[in-house]
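Chain and residue survey
The lines below spell out each chain.
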Amino acid sequence: MTAYYLTTPIFYVNAQPHMGHAYSTVVADAVCRYQRLLGKDVRFQTGTDEHGDKIVHAAADAEVSVKEYVDKISAMFKAAWPPLAIVPDTFVRTTDPAHMGVVQGVLQQVYDQGDIYFSEYTGLYCKGCEQFLTEKELVDGKCPDHLTEPDQISEQNYFFRMSKYQEWLIDHISKNPEFITPERYRNEVLSFLKEPLEDLCISRPTTRLTWGIPLPFDSRFVTYVWFDALINYLSGLGYPAGQDFSRYWPVAEHVIAKDILKPHAIYWPTMLKAMGIEPYKRLHVHGYWNMNETKMSKSLGNVVRPGELVTEFGADSVRYFLLREMSFGLDAGFSKEALMARHNSDLTNDLGNLFSRSLTMVKNFAASCVPQPGTPSDQDRELAEAALAMLGHYREHLDHFAFHRALAAVWEVISRANKYIVSTQPWELVKDPQQAAQLGTVLYTLLETLRLITLVLHPIMPETAAKMAEALGVTDENNLSDCGTWGRLVPGSAITHGAQLFPRLQQETKDKPQPQKNKAKKEPSTGKASAAETAPEEEGLVTFDAFQNLELRVAEIVAAEKIAKSDRLLKLTVKAPEERTIVAGIAQHYQPEELVGRQVIIVANLKPAKLMGVASHGMVLAAKDGDRLVLSALSGPVAPGSRVA
Ligand code: MSP
């Protein structure tokens, strides 16, 4: 079995976990689950970074001993992951004696071979980064990440001969295009390496810091934070002995954000080279989650806690949002509104509706069993082909950490399947016994499409995929290659109609009707409803939920004609984005030829109705102004089918 090893950064315990930490860890969890779906033997590692001045200061602020402090915050990180369905295999703490022993072993080896030396250094030190910064890296004299001025520090210390490996590193990055991805970060590192590299200060005198790992060759010093932290990627595998190291290290990949690019792309590979170890395979670098254009971070005090969001939205919804909303490598803006919108639109409307409509039809029209498919028509075949093609796109994108693209490919099939229901109209087929085979094909095609969607959702939304798999009776499907073929569902096997996948969530707004007011209106017999509870301005209002149930879409009129014997009705063929017929009562206000090419707003999920013998699938919105009827329009052209909300 091929091995796969993926790590997150180990997080500083000077702050509690927030959504920024959660993002890297969700990414790593999703990729590890995906690699398992490919049949690999996966090792997923995370942990906490517990040494350094920052942590000593945080403990002092909290008025507890450093040990008590690191134990408490490390436990918080460990506890933050299961509620997000994140399941690491190893959790490394840099205060673990085993890790400390490995770091000391490495220091001694590199010192013995002459790559660590003693010298004096003066430089600009940022406490937040725990590293010296160059003048060039400052913005207006301040650290760009912490917005504080660095201190000028001069002291005797030990140094790692990093400069010795500069040429090797440039060559390695140049020969391995995927070593640092996405490409923008590879370019950034190569451009940084055009200047001569300075050697890396790797120690702190114990007069200034005691909370660190003592240098094995000079007990007056402890090791500097990066030489300690980066080695967690090896110590977690039991380096230098142990089978895990030889099994997983050759396939190691790391996930980080751009803040720690330099340590991972420069310090770490040169350290490995000095140790005589092959560098990791790939470094995946993502951007920042911002709140109102500023990086979400403890020091700026604008963080969102994962626990809060999981309680409000559920783990899968949060995971889906993080992976769908951010283009890996670029920054993204975080807001609860955006999360709510994705939850209600992509999950409740698109996926949730497809799942529940399909299963309800199987229950009502096929006695809750997988039906026998008949000969497929073109549109049945098209959906099947799209679902299979999606598997390929999904793999290609996930292999390159392009989660938003992989999910867009899945949602494209979800949207096709929803349109397929509208155009095949199983509720009409069921009325005609002659169409029984066709009905079987349509329902089978929908169930197979849902099975493939379930398969690819396992890494992204494990709980939802498990519920879907249960309903479809495919809980044993856990391999993308074996199960990614068409036609595995066995006709006659049972389908269970489970609970709704995603509850629709309501935005908390000032003008949202209060639940108890509605209740009071429904239960007037208690006689307890106050005047305020039945305020007249509430009459006639609909809930946000009811509004969201209306599917308003942009439709482009591609053909229009009069309906024989009717002076009021026009038959419109529209694209929304699939083609459909809508009968509109606008013949006295518009000539057919002036309508072609116009974009209008339609109600897309209105029950079909027959008007003068023509089936209408939806309604065109228009304003009534006295005797005039004026069609709805948009202020600019948009893609047909776009949702109006
Ligand atoms: N302890 C070091 C890492 C050592 S790894 C050998 C460290 N810790 S940290 O707690 O500051 O974590 C930084 C990491 O947290 C980022 O690289 C990223 O993975 C994650 N993020 C923290 N804030 C973030 C955002 N606002 N947005 C995205 N990711 C963020 O650096």
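Residues numbered from 1 in each chain as written. Predicted model: local features only at pLDDT ≥ 70, side-chain atom pairs only at ≥ 80, totals over all residues. Heavy atoms only, no water.

**Description of the overall build of the protein chain**
- If you tally the helices and strands in the protein chain, you get 22 helices and 27 strands.
- In terms of overall dimensions, the protein chain has C-alpha extents of about 100 × 60 × 55 Å along its principal axes.
- The 645 residues of the protein chain split such that 52% are buried.
- For the protein chain, long-range pairs separated by at least 24 residues make up 75% of all intrachain contacts whose partners lie at least 6 apart in sequence.
- Element-wise, carbon and sulfur atoms account for 51% of the exposed surface of the protein chain, whose accessible area totals about 29,000 Å².
- The centroid of the 66 positive side-chain charges in the protein chain is displaced by 5 Å from the centroid of its 78 negative side-chain charges. (Helix = DSSP H or I, 4+ residues; strand = E, 2+ residues; numbered from the N terminus. Buried < 20%, exposed > 50% of the residue type's maximum accessible area, 1.4 Å probe, protein only. Contact = heavy atoms within 4.5 Å. Areas by Shrake-Rupley, 256 points an atom, 1.4 Å probe, with all protein chains shown as cover. Lys, Arg positive; Asp, Glu negative; His and termini not counted. Charge placed at Lys NZ, Arg CZ, Asp CG, Glu CD.)

**Re the nonpolar core**
- Counting 164 residues, the largest nonpolar core has Phe160, Ile180, Trp249, Trp268, Leu351, Trp411 and Ile453 as its most contacted members.
- With 12 residues, helix H17 (residues 436-457) is the largest single contributor of residues to this core.
- Once residues lying within four places of it in the same chain are set aside, the contact partners of Trp249 are Tyr5, Tyr233, Leu234, Leu237, Asp244, His254, Trp268, Leu272, Ile277, Glu278, Pro279 and Tyr280.
- If you look at the next biggest cluster of nonpolar residues, it comprises 19 residues, including Leu572, Tyr590, Val600 and Leu631. (Core = buried A, V, L, I, M, F, W, Y, C linked by side-chain atoms within 4.5 Å.)

**A look at the environment of Tyr288**
- By the element assignment, Tyr288 lies in the loop between strand E14 (282-286) and strand E15 (289-291).
- For the pair Tyr288 and Phe328, spaced 40 residues apart in sequence, the C-alpha to C-alpha distance is 9.7 Å.

**Quick word on the sheet that holds strand E11 (residues 214-215)**
- Ordered by their spatial adjacency, 3 strands build an open sheet running E10-E12-E11, and the pairing between neighbours is antiparallel. The open sheet terminates on both sides in strands that have one partner only, identified here as strand E10 (203-205) and E11.
- Judged from the 2 bridges that link them, E11 and strand E12 (residues 218-223) form a sheet pairing that is antiparallel. Within E12, the residue paired with Leu215 across the bridge is Asp218. (Pairing = 2+ DSSP bridges.)

**Side note on unusual backbone geometry**
- For the bond from Thr181 to Pro182, the omega torsion is -10°, close enough to zero to count as cis.
- Its place among the elements puts Pro182 in the loop between strand E8 (180-181) and helix H6 (183-192).
- Omega for the peptide link from Tyr239 to Pro240 comes to 5°, which places this bond in the cis form.
- Mapped onto the secondary structure, Pro240 falls in the loop between helix H8 (232-235) and helix H9 (243-248).
- Positive phi is not limited to glycine here, since Glu63 has a value of about 55°.
- Of note, Glu63 is situated in the loop between helix H2 (53-61) and helix H3 (66-80).
- One non-glycine residue, Asp140, lies in positive phi territory at about 50°.

**Points about the site of the ligand**
- Near the ligand there are 24 residues, and of these Ile10, Ser24, Asp49, Asp259 and Met296 occur at the shortest range.
- Between the ligand and Asp49, the relevant distance is 2.7 Å, taken from a nitrogen atom to a side-chain nitrogen or oxygen of the residue.
- Between Trp289 and the ligand, the recorded distance is 2.9 Å, taken from a backbone N or O atom to a nitrogen atom.
- When contributions to the shell around the ligand are tallied by element, the ones reaching two or more residues are strand E2 (11-12), helix H1 (19-37), helix H7 (225-229) and H8.
- The element contributing the most residues to the shell around the ligand is H1, with 3 residues. (Near = heavy atom within 4 Å. Polar contact = N/O pair within 3.5 Å; in protein donor to acceptor, adjacent residues only side chain to side chain.)

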